[in-house]
Each structure stands twice: as C-alpha cells, then as structure tokens.
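Each chain, written out:
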Amino acid sequence: MWPTAELHVHIEGTLDADLIRELADRNGLPVPAGAGRGAPFRDLQDFLDVYYANLDVLRTRRDFQDLGARYLARAAAAGVRHAEIFVDPQSHTERGVPVEDVLLGLSAALADARAAHGMSGGLIVCFLRHLGPDAAMATLEAVLPHRSLLLAVGLDSSEVGFPPSLFRDVFERAAAEGLRRVAHAGEEGGPDYVWEALDILGAERIDHGNRALEDVELVAHLRETRTPLTVCPLSNLALRTAGPDLADHPLAVMLDEGLRASVHSDDPAYFGGYLDDNVRALVAAGTVTEDQVGVLAANAVASSFLPDAGKAALLAEIRAHAERVGAAVPALALDPAAV
Ligand SMILES: [Zn+2]
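Below is a short write-up of the structure. Bear in mind that the values here come from a model prediction, so they are computed numbers and not experimental data.

## Description of the pairing of strand β3 (residues 120-128)
Move 1: Here strand β2 (residues 80-87) pairs with β3 via six bridges, running parallel. Bridge pairing in β3 places F86 opposite I124.
Move 2: Both β3 and strand β4 (residues 150-156) contribute to a ladder of six bridges, which runs parallel. From the neighbouring strand, V125 faces β4, where its bridge partner is V153.

## So, the packing of helix α14 (residues 290-303) against helix α15 (residues 308-325)
Move 1: Direction vectors running N to C along α14 and α15 enclose 170°, while the axes themselves pass 9 Å from each other. Judged by the inter-axis angle, α14 sits roughly antiparallel to α15. Facing G294, A297, A298, V301 and A302 of α14, the residues of α15 in contact are K311, L314, L315, I318 and A322.

## Re unusual backbone geometry
Most peptide bonds adopt trans geometry, and most residues besides glycine take a negative phi value.
Move 1: Going from A39 to P40, the amide bond is cis rather than trans, its omega being 5°.
Move 2: Note on placement: P40 falls in the loop between α1 (17-27) and α2 (44-54).
Move 3: With an omega dihedral of 15°, the bond running from G243 to P244 counts as a cis peptide bond.
Move 4: Tracing the backbone shows P244 in the loop between α10 (233-238) and α11 (251-256).

Basis of the calculations
- Residues numbered from 1 in each chain as written.
- Predicted model: local features only at pLDDT ≥ 70, side-chain atom pairs only at ≥ 80, totals over all residues.
- Pairing = 2+ DSSP bridges.
- Helix = DSSP H or I, 4+ residues; strand = E, 2+ residues; numbered from the N terminus.
- Axes fitted to C-alpha atoms, helices over the stretch in contact; angles between N-to-C directions.
- Parallel < 35°, antiparallel > 145°, perpendicular 65-115°, else oblique.
- Contact = placed C-beta atoms within 7 Å.

This is the structure we're talking about:
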C-alpha cells in the first residue's frame, strides 16, 4: 500500500449504512429511507436528496467524533498518512446542530487518529455554493472563533449557476484570517469556473478540475504553476460527469500533460469506494500504470498543506515503499526541491 494523502473527502459522504443505523438507534430516530443507497444515481439531485436525508442522524458532538473516527480508521487502512477533510457546517447548523459540536467532534477524531494510526490531518470548512454568498459569509463568521481547528476554506455543492466569483468577499476574508483556500471547479462547470477559482478566489488547489482540459491555455497555466487537481474518478462515474468507462477518465490526460493530479474519494459511502478503491479501479481499467500510482501518491503529498518537513517525511516513506516493492521512485520523491 503506497503511503499517501487524502485531500478530497467530504466527511458527510463517509456516513455509511452501518453508522446511520447506529446513530439513529442512539438518538431515537427513524432510519432514513435512503440508508445504504449508493451509486448509480439518476443525477446530482437524486444523490443530494439521499445524502441530505441521511445526515439527519448526526446530532451530537459524539456523533461527529464517531463519524470522523470511522473514516480515519478506514483511511489508515488505505495507506492514508495525512487527511485534509472537508466539512459542510451549513448542512448541520441548518438542522439546529451547534457548529462547535461539528468542529470539536471531528477535531477530537483527528487527535485520536494521530495517536492510534500516526496520521496527521486537518479540517477544511466548505461553503455550500447553492446557499449563496451571504450564507457563506455567515458561516465563516460562525467558525472563526474556532480558527485554530481549521486549515482552509473550500467551496462545494452544485456548481452550475453558482460561479466562484460570487464568493470573492468570503474568500478574501478567509485569506485575511490566514486560512488556506481551495474550491471545487470544473466538475460540472466549464474552464471559466476554474479560472475564476484561481484568479478571483485565490484557490491553491482545484477540486476535480476535469473540464480544465477543454482550455489549452488553462492546462499550460496549471502545469506552470503546479496547481494541484484533486480528482475523484469513481465519483465522476457515479454522477456521470465522466465515463461511462473508467478507461476514458481524464486523469490519464492530466498525467500525460504533466499536471499535478492526485486521486481521492469524494463521498466514498455513496460512490463505490475509498481512496484505495479508486486507485485499484483505475489500474484495473488500464487508466494508470502501477508506477503512476506512486506518482499519484507523491502528487497528493506535495499538494497537501503539510509544512515542508512533513511533506519531505512522507515523500521519504513513498521512496522507501517504491524501493521495497521494486517500483519506480516518483520524481517528486527523488527531488523534494521540485515540490
Ligand atoms: Zn467533492
């Protein structure tokens, strides 16, 4: 198992049927009708309807700690050594759950994972773009008292009709508070959404970014600036934003173009798999070679918000793994200066 970093997982998307039943039972709630439903979905809305209904069982700080702990244990088994986790506070505060219970529960899970699995990690607060910029700013204000628990801000949910430019002020404010910035773009939206995320929001990573390939100038810019793309192949298949065959996934072109792409799991309880499942499926489909799996792991580590020493330590683990299994050592693991 290659040591790697998870940079694109929505913690709410790790809520699987077993935990839904357990939390429903603990909180005296009915089990949501969609518990256990996974891909295929008719479309994005079909998925979101199931996803939001299931979240109703998450009520207490302990629930969020358990959710985080389940995910992190599974991630450790997938070789994840560092996890930067998305959380959508608005999905919970709208239901009356205090934001501190969400953030403190997940932070406790991250602290436990450091002790239990030797993993590092952090939280990325995402704004639900379909709720608009005012709600995003209110969410930022609500989480700032817990600034020390946060790594970055992000932008997720339905893309089309909610361009990144709408969120200029909230991202400016987050940057002024010293938070790093990422954004979903180019999953459904076109290359213009990726440009806006970079130029207007100051995004340091693009989540998905598949449609960036439609713009030659953008591809050159992403390559020159080593801008990371966090790619989620099984998610793309489940939501029909790529495919239908994994062999046709744009990841292969991204790697050929020299882009800093890495593979992640998005909403693994719904889309058919965790980070390792995504990688296995890509290899089985012939989209990437075994040696490229090491490149993807090194790209993920280099794209993380770990300090340089943390990146160097994980790249050394990747190099050691490559030598142990007789695989090619990824260039980034040979030349940390290129990170
Ligand atoms: Zn996502």
